[in-house]
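# Examining the three-dimensional arrangement
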Amino acid sequence: MNTAEAAGAAAVASARHDDILVVTIDNPPVNALGVDVRRGLMEAIEAADADPAVKAVVLLGAGRNFLGGADIREFGKPPQAPALPDVCNRIEACSKPVVAAIHGAALGGGLEVALGAHYRVALANARLGLPEVLLGLLPGAGGTQRTPRLIGAAAALELMLSGRHIGAREALKLGLVDKVEEGDDPVAAGLAYARELIASNAAPRRTSEGTALADRPATQAAIDAARADTGKKARGLFSPLKIVDAVQGALDLPFLEGLALERTLFLACLDSPQRAGLVHAFFAEREAAKAPETRSAQPREVNSVGIVGGGTMGAGIAVAVLDAGLPVVMIERDEEALARGRANVEKVYDGLIAKGRIKPEAKEAIMNRWSGSTAYDALSQVDLVIEAVFEDMAVKQAVFKELDRVCKPGAVLATNTSYLDIDQIAASITRPQDVIGLHFFSPANIMKLLEIVVPAKVAADVVATAFELAKKLKKTAVRAGVCDGFIGNRVLAVYGQAAQMMMEDGASPYQIDKAVRGFGYPMGPFQVSDLAGGDIGWATRKRRAATRDPQARYVQIPDRLCERGWFGQKTGRGYYLYPDGARVGTPDPEVEAIIDAERRRAGVTPKTFTDEEIVRRYLAAMINEGANVVDQKIALRPLDVDVTFVHGYGFPRYRGGPMHYADTVGLDKILADIQEFAKEDPLFWKPSPLLVDLVARGANFASLNK
Ligand code: 3HC
Ligand code: NAI
């Protein structure tokens, strides 16, 4: 036996229970279908077919899941036989009934294996789905052909195009599984079903022969509708339309020809840069959550959370914490502000009730975990406090002094500051080892990103606690160092400045937004400013006016708009006009006139920019500052910058993040661009030493992710 066979044997084990062969896939952590599992499955089915004493087969996964899908780490490497579609076909061809007993995740190729089986029983905790689209792929092991034949084109397309996970009960309703069982023992559930099938002499029932596409006109209508909808929604994405093509093949072609079409389309997706970007994002967000402190220290226990401030952020954070099942104690300045804080929280749940997403009773149960006070003593027993008061050092230090006075020893004291020096906040109290930054993004109950900002004196177990809390709140955590703006806002300040310089130099804000959207962002920078409120940036600019480098270029156009009270959507106009509360703005000729006047005042002769040049400058600024942030160890690795921008700033996920994108363009090209732009403004366009070094060594950002 060679080593591969030995490993295969370990990944898949077969055991006889009377006349039933139980085949267990055991490939931690999620039973991905790597080559050893594929080989093991082939051998197990061959053995079952060859053994006259075996009357039925049960397939199941060891540990917490059935099968987590194809082994994503194998993508881009030379393929090794047997291919997963062949494994699924072999299972389906088995002459004896094969039951898939599903618990935990049955995703992607994992669900396709279950569809290759003849019968499916799911435990109540099962999560099923075809999430390949989220990795830039399509179900490539028969999923595009078997799923529509089993549950119809409309339901299959919805599953494949959304990539969402569904529970066992929904899967039963759709016809994706035959039975749902309570309990947590897939062996018992699988054996019981197999015994039933043997007793009733049930024959193998092959999904490839399913008849759910029999109504041709209805199927064609479902495919046409999905195609039209996808064309509208899948901005720039490659694989969704290929999924629709594959389902068209399921309708038009015999099964084996449909499979061949699926293979061709799958390989095209596999080769696409979008697949590489999405897979990078998948691994990067998991890697980002593994800060060194999560390995070296045990998190402190967090069973209750205090929140100081019930404004935009405090209320959003409260919702995130309440949703995770934890109690919240909110502190505000006075009774009136506290009532507003509570109302801000309730508003979120009322919105969900209005949309039918939760029942009023659910809101009541959640709000029972909320309590509020104007006295800090109410925080004496909480395990962790998040401060979200005004962005002002004196105000924050006063709050931390109170926290120092009332909180129990060992309580974690966190600040949600956007820019302020957390070392300075920590130094102002007697327990700097407990002080950390938890930088949420607005709206805090929705945005996935959480920057965990690590000051010099913080204890490792406090950092570990922050990462654990992020998991509980279902946030994507990134470790950041202390500096002005941490990772995200620091880099944003630089590419925001690049956008403003282009505006003053001749591009309209509308062209810049359009070009940035063309790259894949949902909104351009001026739309974002209008949405967030121009007053926020204005306040920051005024605060920094005294410390600004007088040599550095300062574009005054945003100040001119703010002086007129044009803060964006909330005031009805900003860069765009929002008549009658409109949420989508229209270009404003008066803004263009103001920009023209500012160009004249600054002595700028306007030039034209192509959309391509706008994007090139915007990204060069982002990537260069991203490199500085890594170089100065504010971010641990380039992948941390990627995760920050994908989850907090709308960077198109399919491009992996700015640093991954830079690698795909070529760092030499990015550096050459920066050097070219530096001829106009050497103070702004200073190549990052890290970028220069990587180019000199012929290396890329990915080499620093290892
Ligand atoms: N291949 C390889 N590694 C995988 C994997 C996969 N399919 N799925 C998860 N992993 C790894 C993760 O990278 C992580 O590794 P690490 O510990 O070294 O960081 C580890 O398994 C645990 O993953 P999670 O932290 O995500 O574990 P959870 O318990 O939170 O979630 C899960 C489990 C729901 C299975 C989740 O991991 C997941 O969603 N995985 C991806 C599922 C998927 O997209 N499958 C489709 C793959 S494409 C496909 O099947 C193509 C086919 O059609 C041909
Ligand atoms: P906000 O103005 O909406 O809310 C601040 C709240 O703090 C107010 O309700 C105020 O009454 C309360 N408050 C002020 N002083 C207090 C005190 N001494 N004790 C108790 N409560 C007090 O401000 P917002 O937007 O919620 O910002 C809060 C913090 O979050 C700031 O540090 C900000 O930089 C940061 N932040 C803001 C983001 C945003 O997009 N708004 C994003 C990320 C961080």
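Quick notes on the rules
- Residues numbered from 1 in each chain as written.
- Chains lettered and ligands numbered in written order.
- Predicted model: local features only at pLDDT ≥ 70, side-chain atom pairs only at ≥ 80, totals over all residues.
- Heavy atoms only, no water.
- Helix = DSSP H or I, 4+ residues; strand = E, 2+ residues; numbered from the N terminus.
- Rg over C-alpha atoms; globule rule 2.2 N^0.38 Å.
- Buried < 20%, exposed > 50% of the residue type's maximum accessible area, 1.4 Å probe, protein only.
- Contact = heavy atoms within 4.5 Å.
- Areas by Shrake-Rupley, 256 points an atom, 1.4 Å probe, with all protein chains shown as cover.
- Lys, Arg positive; Asp, Glu negative; His and termini not counted.
- Charge placed at Lys NZ, Arg CZ, Asp CG, Glu CD.
- Domains from an automatic or database assignment.
- Buried area = accessible area lost by both parts, 1.4 Å probe.
- Salt bridge = Lys/Arg side-chain N within 4 Å of Asp/Glu carboxyl O.
- Polar contact = N/O pair within 3.5 Å; in protein donor to acceptor, adjacent residues only side chain to side chain.
- Pairing = 2+ DSSP bridges.
- Axes fitted to C-alpha atoms, helices over the stretch in contact; angles between N-to-C directions.
- UniProt positions renumbered as here; feature names shortened; annotations may be inferred.
- Core = buried A, V, L, I, M, F, W, Y, C linked by side-chain atoms within 4.5 Å.
- Near = heavy atom within 4 Å.
- Nonpolar A, V, L, I, M, F, W, Y, C, P; charged D, E, K, R; others polar.

### Remarks on the overall build of the chain
Along the backbone of the chain there are 30 helices and 19 strands. Its C-alpha radius of gyration of 28 Å places the chain within 12% of the 27 Å reference for a compact globule of 706 residues. With 706 residues in all, the chain has 53% of them scored as buried. For the chain, the share of sequence-separated contacts (at least 6 apart) that also reach a separation of at least 24 residues comes to 73%. Split by element, the accessible area of the chain, about 29,700 Å² in all, is 55% carbon and sulfur. Across the chain, the mean location of the 82 positive side-chain charges is 1 Å away from that of the 87 negative side-chain charges.

### Points about the environment of arginine 73
Tracing the sequence through the fold places arginine 73 in the loop between β3 (56-61) and α3 (84-93). For arginine 73, a relative accessible area of 55% corresponds to the exposed category. Distance in space between the C-alpha atoms of arginine 73 and glycine 34 is 8.7 Å, their sequence separation being 39 residues.

### Notes on helix α4 (residues 109-116)
In terms of residue burial, α4 counts as a mostly covered element, since 8 of its 8 residues are buried. Within the span of α4, buried status applies to Gly109, Gly110, Leu111, Glu112, Val113, Ala114, Leu115 and Gly116.

### A few points about the domain arrangement of the chain
What the domain assignment reports for the chain is domain 1 (3-270), domain 2 (302-483) and domain 3 (489-704). One C-alpha centre belongs to domain 2, the other to domain 3; they are set 30 Å apart. Each partner contributes to the roughly 1,300 Å² buried at the junction of domain 2 and domain 3, and carbon and sulfur atoms together form 62% of this total. Taken together, the connections running from domain 2 to domain 3 amount to 0 salt bridges. At the surface where domain 2 touches domain 3, the tally comes to 1 residue pair in polar contact (both at pLDDT 80 or more). Mapped by element, the contributors of at least two residues to the side of domain 2 that touches domain 3 are β16 (449-454) and β17 (476-481). With 5 residues, β17 is the single largest residue contributor to the side of domain 2 that touches domain 3.

### Points about the sheet that holds strand β1 (residues 12-17)
In spatial order, the strands read β1-β2-β3-β4-β6-β9; together these 6 strands make up an open sheet with mixed pairing. Both outer strands of the open sheet, β1 and β9 (179-181), are each paired with one neighbouring strand and no more. For this sheet, the mean inter-axis angle between neighbouring strands, taken without regard to orientation, is 25°. Looking at chain direction, strand β4 (residues 98-102) and strand β6 (residues 119-123) are connected through 4 bridges and run parallel. Bridged to valine 99 within β6 is tyrosine 119. Sheet strands in contact with helix α8 (residues 186-199) are β1, β2 (20-25), β3, β4, β6 and β9, and its direction is about 145° off that of β6.

### Brief notes about the side chain of arginine 431
Assignment of secondary structure puts arginine 431 in the loop between α18 (422-427) and β15 (435-440). For arginine 431, a relative accessible area of 10% corresponds to the buried category. Side-chain polar atoms of arginine 431 contact the backbone oxygen of aspartate 404, separated by 2.8 Å. There is a polar contact of 3.1 Å between the side chain of arginine 431 and the backbone oxygen of lysine 408.

### What about the UniProt feature "domain: 3-hydroxyacyl-CoA dehydrogenase NAD binding" (unreviewed entry) in the chain?
UniProt marks residues 305-480 with the feature "domain: 3-hydroxyacyl-CoA dehydrogenase NAD binding" (unreviewed entry), using the numbering shown here. As annotated, residues 305-480 has a helix share of 41% and a strand share of 21%, and its two end C-alpha atoms lie 22 Å apart.

### Things to note about the nonpolar core
Of all hydrophobic cores here, the largest spans 92 residues; its most connected members are Leu379, Leu403, Leu413, Ile487, Ile512, Phe651 and Phe701. Residue assignment places this core across two domains, with domain 2 (302-483) and domain 3 (489-704) each supplying three or more. Ignoring any residue separated from it by four or fewer positions in sequence, one finds phenylalanine 701 in contact with Ile623, Ala627, Pro638, Met659, Ala662, Asp663, Leu667, Leu690, Leu691 and Leu694. Judged by nonpolar contacts, the second largest core, of 70 residues, contains Leu33, Met42, Ala168 and Phe266.

### With respect to the site of ligand 1
Ligand 1 sits among 27 residues. The nearest are Gly109, Glu112, Glu132, Arg286 and Lys290. Note that an oxygen atom of ligand 1 is positioned 3.3 Å from one of the side-chain N or O atoms of arginine 64. Between a nitrogen atom of ligand 1 and a main-chain N or O atom of alanine 70, the distance comes to 2.8 Å. Protein chains bury 79% of the 990 Å² of accessible surface belonging to ligand 1 in isolation. Listed by contribution, the elements that provide at least two residues to the shell around ligand 1 are α4 and α12 (273-288). By residue number, the principal contributor to the shell around ligand 1 is α12, which donates 3 residues.

### Section: unusual backbone geometry
Residue proline 82 is reached from alanine 81 by a cis peptide bond, and omega for that bond is -5°. In this structure, proline 82 sits in the loop between β3 and α3. Of note, the amide linkage connecting serine 442 to proline 443 takes the cis form, showing an omega dihedral of -5°. Assignment of secondary structure puts proline 443 in the loop between β15 and β16. Non-glycine residue phenylalanine 486 carries a positive phi angle of around 55°. Tracing the chain through its elements places phenylalanine 486 in the loop between β17 and α20 (488-505).

### Observations regarding the site of ligand 2
Met313, Glu332, Glu391, Lys396 and Ser418 are the nearest of the 23 residues found near ligand 2. Residue threonine 312 places a main-chain N or O atom 3.0 Å away from an oxygen atom belonging to ligand 2. Taking arginine 333, its side chain carries an N or O atom lying 3.0 Å from an oxygen atom of ligand 2. The fraction of the free accessible surface of ligand 2 (830 Å²) that becomes covered by protein chains is 79%. The greatest single-element share of the shell around ligand 2, amounting to 3 residues, is contributed by helix α17 (residues 393-406). Residue classes in the shell around ligand 2 are distributed as 10 nonpolar, 9 polar and 4 charged.

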